[in-house]
Amino acid sequence: MTTTPLPVPEADDESREFYDGARRHQLMLMRCRSCGAWRLPSRPRCPDCWSTETEWVRASGRGVLHSFGIMHQKLHPAFADRTPYQFAVVELAEGPRIVSQVVGVAEDELRLEMPLQAVFDDVSDDATVVRFGPRRS
Amino acid sequence: MHPPYAVRAMDGRELRGRAAISGLGMSEMGRVYTRDARDFAAEAIRRAVEDAGLRKEQIDGLLVNPGVTPLGAMGGVGLQNDLGLANLRLLASMNVGGATANVMVQYAAMSVIHGLANHVVCVFADAPLRTSAGGGGGAAYAGMGRSVRPSGMAGLYTTFGVFGVNAHYALATRRHMAMYGTTSDQLGVIAVAERAWAQKSPLAEHREAMTLGDYRASRWVVEPLHLLDCCLVSNGGVAVVVSRAEEAADLAQPPAYILGMGQGHPGDFRRKGWDVETETGAPIARERAFSMAGATLADIDVLQLYDCYTYTVLVTLEDYGFCKKGEGGPFVADGKLGPGGSLPTNTGGGQLSGYYMWGMTPLSEGVIQVRGQGGERQVAKHDVVLVTGNGGILDHHSALILGREA
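Predicted model only: the values in this text are computed from it and were never measured. (Residues numbered from 1 in each chain as written. Chains lettered and ligands numbered in written order. Predicted model: local features only at pLDDT ≥ 70, side-chain atom pairs only at ≥ 80, totals over all residues. Heavy atoms only, no water.)

Here the focus is the sheet that holds strand β1 (residues 19–26) of chain B. Residues and elements named next belong to chain B. Spatial strand order, β3-β2-β4-β7-β1-β8-β11-β10-β9: nine strands in an open sheet with mixed pairing. Looking at which strands have only one partner, the edges of the open sheet turn out to be β3 (90–93) and β9 (302–304). The mean angle between the axes of side-by-side strands here comes to 25 degrees, regardless of whether they run parallel or antiparallel. Two elements, β9 and strand β10 (residues 384–391), share three bridges in a ladder whose sense is parallel. Looking across to β10, one finds that V302 is bridged to V385. In the packing of helix α1 (residues 37–52) onto the sheet, the strands contacted are β1, β2 (61–65), β4 (119–126) and β7 (236–244), and the crossing angle to β1 comes to about 125 degrees. Here helix α4 (residues 100–113) sits on the sheet in contact with β1, β2, β3, β4, β7, β8 (256–264), β10 and β11 (396–403), set at roughly 120 degrees to β8. (Pairing = 2+ DSSP bridges. Helix = DSSP H or I, 4+ residues; strand = E, 2+ residues; numbered from the N terminus. Axes fitted to C-alpha atoms, helices over the stretch in contact; angles between N-to-C directions. Contact = heavy atoms within 4.5 Å.)

The structure is reproduced here in structure tokens:
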């Protein structure tokens, strides 16, 4: 489809578990050890109970489409040859919302709240992108 | 959905009408490339102080909102030195995005009421259009997520190409459309109404005629947003002077009395149960501002609503209760916001067609209307004007209710 590689982020201390998990085809999220609230983006402190005790837990990968847009502006060299393109926000079953892209659904068939499931695209030997495809149930 | 909001026992009525906007100054605005942000600020302040009939020695407070200009280039001390303001008792830079103008006026009003200062200048200035050659109008606002070497969780915005403010407002607008059936044409009616006002304003950047057909034909920026859903980007500066009410009454201009003030910062908790795209901080700000003013929606003669996008106007109308949540589309569809309509809104063309000075766009036109200085666009009944500010991605909301009489 296109030869320009996607700009895949470099992991930092607060996101390494997420990106390492994606390479294993697992959606990893941070969860508060104190109150159990899931959170994204991963931050050192729980916004609900202010605890800094955290753990990384594999999430279900299930979600629903929260919103989406079609970008027509060419603002980044990596996207010059794939504009316009769709981007989406997915509300995960665990609660947090994640920015991503919906694949396997025609643009005019996208509906908010439609059930989605994480899919893992190995874009290179050491990077995997988490997108979302249709979920049957 | 926001958690229950505890209402304080005091209603702020003791602040009603005790401060006023006594001066308004605007630099040249738009595609003006001969000044930097700090000089736009200085020029706006010079004009505001002259407008009020004050001398620079009487200015003892300065609040600065630098837009996207770095603080190092536009901090308060540099501006103070440029203008030789030697009597300051109050000085700060502030930034809650497009909510800042009203917020600066609120802190200024409380300061003059309680004796911390006498005449406080609040200024916004920015020069995002750096050169006539450099980039499109919105280049300075398209930077979010654009890093060439993204990192961390925020890097996901880069991976999926979610760039700039436009992308985030597109997501919010889509959400409202899907939840409530709001249509692109209903948003277009807002753009057309504001353009009709702009045609009556010598200050407006876009005065050429615009139809709903023109709106529909304007290119996509980020679907569902057309180009004509989006604000302009302008260079320039606007300043106001805030004074105690009794002093303002003796100055050169009719005072714009501050009857009500409020802020609401709902937080951007992007998770289940939080409708951050369709519910703003306006209800929190509204409760305080209207109780302070002792006013109801029926008292409002003119609206100046922050309009970075057409959608911002629509969701703000809902969140003030001018119509029910979700009914903003049908509510605006009859053109009631435009000239001759029952709810005159953004009478200078707003940020969509007038000029983009963040929260100073609605505030400056609010002051002009309360004074009765709107010329061809002046609304006949202009006793009470609602001015709103909005910052970030609907993260911050600020309200002022201005009155012709205290």
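On to the interface of chain A and chain B. Across the contact, 45 residues belong to chain A and 36 residues belong to chain B. Buried area between chain A and chain B, summed over both chains or domains, comes out near 3,500 Å², and the portion from carbon and sulfur atoms is 60%. Interface area lost by chain A to chain B is led by L75, R97 and V99 of chain A, which between them contribute 18%. Inspection of the chain A/chain B interface yields two salt bridges. The interface formed by chain A and chain B contains 21 residue pairs in polar contact (both at pLDDT 80 or more). Listed by contribution, the elements that provide at least two residues to the side of chain A that touches chain B are α1 (16–23), β4 (62–71), β5 (85–92), β6 (97–100) and β8 (127–134) of chain A. Counting residues per element, the side of chain A that touches chain B draws most heavily on β4 of chain A, at six residues. (Buried area = accessible area lost by both parts, 1.4 Å probe. Salt bridge = Lys/Arg side-chain N within 4 Å of Asp/Glu carboxyl O. Polar contact = N/O pair within 3.5 Å; in protein donor to acceptor, adjacent residues only side chain to side chain.)

So, about the pairing of β4 of chain B. All names here are of chain B. Of all the eight residues making up β4, eight are buried; the element is thus mostly covered by neighbouring parts of the structure. Burial along β4 is two-sided: the residues H119, V121, V123 and A125 and V120, C122, F124 and D126 are all buried. Pairing between β2 and β4: five bridges, direction parallel. Across the sheet, residue L62 finds its bridge partner in β4, namely V121. The pairing of β4 with β7 spans eight bridges and is antiparallel. Looking at the pairing, V121 lines up with V241 of β7. (Buried < 20%, exposed > 50% of the residue type's maximum accessible area, 1.4 Å probe, protein only.)

This next bit is on the sheet that holds strand β2 (residues 38–39) of chain A. Residues and elements named next belong to chain A. Taking strand neighbours across the sheet as the criterion, the three strands line up as β2-β1-β3 in an open arrangement whose pairing is antiparallel. Edge positions in the open sheet fall to β2 and β3 (54–58), since each of these has one partner strand only. With two bridges joining them, strand β1 (residues 28–32) and β2 adopt antiparallel strand pairing. When the sheet's bridge partners are listed, M30 is paired in β2 with R39.

Applying the stated criterion across every chain yields a total of seven aromatic pairs over all chains. An aromatic cluster of at least three residues, connected via ring pairs, comprises F79 and Y85 of chain A together with F163 of chain B. Here the guanidinium or amino end of R31 of chain A rests over the ring plane of W38 of chain A, the centre of that ring lying 5.0 Å away. One cation-aromatic arrangement involves K336 of chain B over F331 of chain B; the distance from NZ or CZ to the ring centre is 4.0 Å. (Phe/Tyr/Trp six-rings, centres within 6.5 Å; stacked < 30°, edge-to-face > 60°. Lys NZ or Arg CZ within 6 Å of the ring centre and 35° of its normal.)

The subject of this paragraph is α4 of chain B. Look at α4 of chain B: 20 Å from first C-alpha to last across 14 residues, which is about the 20 Å you get at 1.5 Å a residue. Summarising burial for α4 of chain B: twelve of the 14 residues are buried, a large majority. (Expected span 1.5 Å × (residues − 1).)

On to the environment of V121 of chain B. Residue and element names in this part refer to chain B. Residue position: V121 is located in strand β4. Note: C-alpha distance between V121 and E208 (87 residues apart in sequence) is 34 Å. Excluding residues within four positions of it along the chain, V121 makes contact with I45, V49, I59, G61, L62, L63, A239, V240 and V241.

Structurally, S67 of chain A is set in strand β4. The contacts of S67 of chain A, once residues within four sequence positions are left out, are F87, A88, V89 and L112 of chain A together with L171, R174 and R175 of chain B.

Residues and elements named next belong to chain B. Positionally, G359 belongs in the loop between α13 (350–354) and α14 (360–371). C-alpha of G359 to C-alpha of R46: the two residues are 313 residues apart in sequence and 19 Å apart in space. Sequence-distant contacts of G359, defined by excluding residues within four places in its chain, comprise G98, A101, Y306 and Q351.

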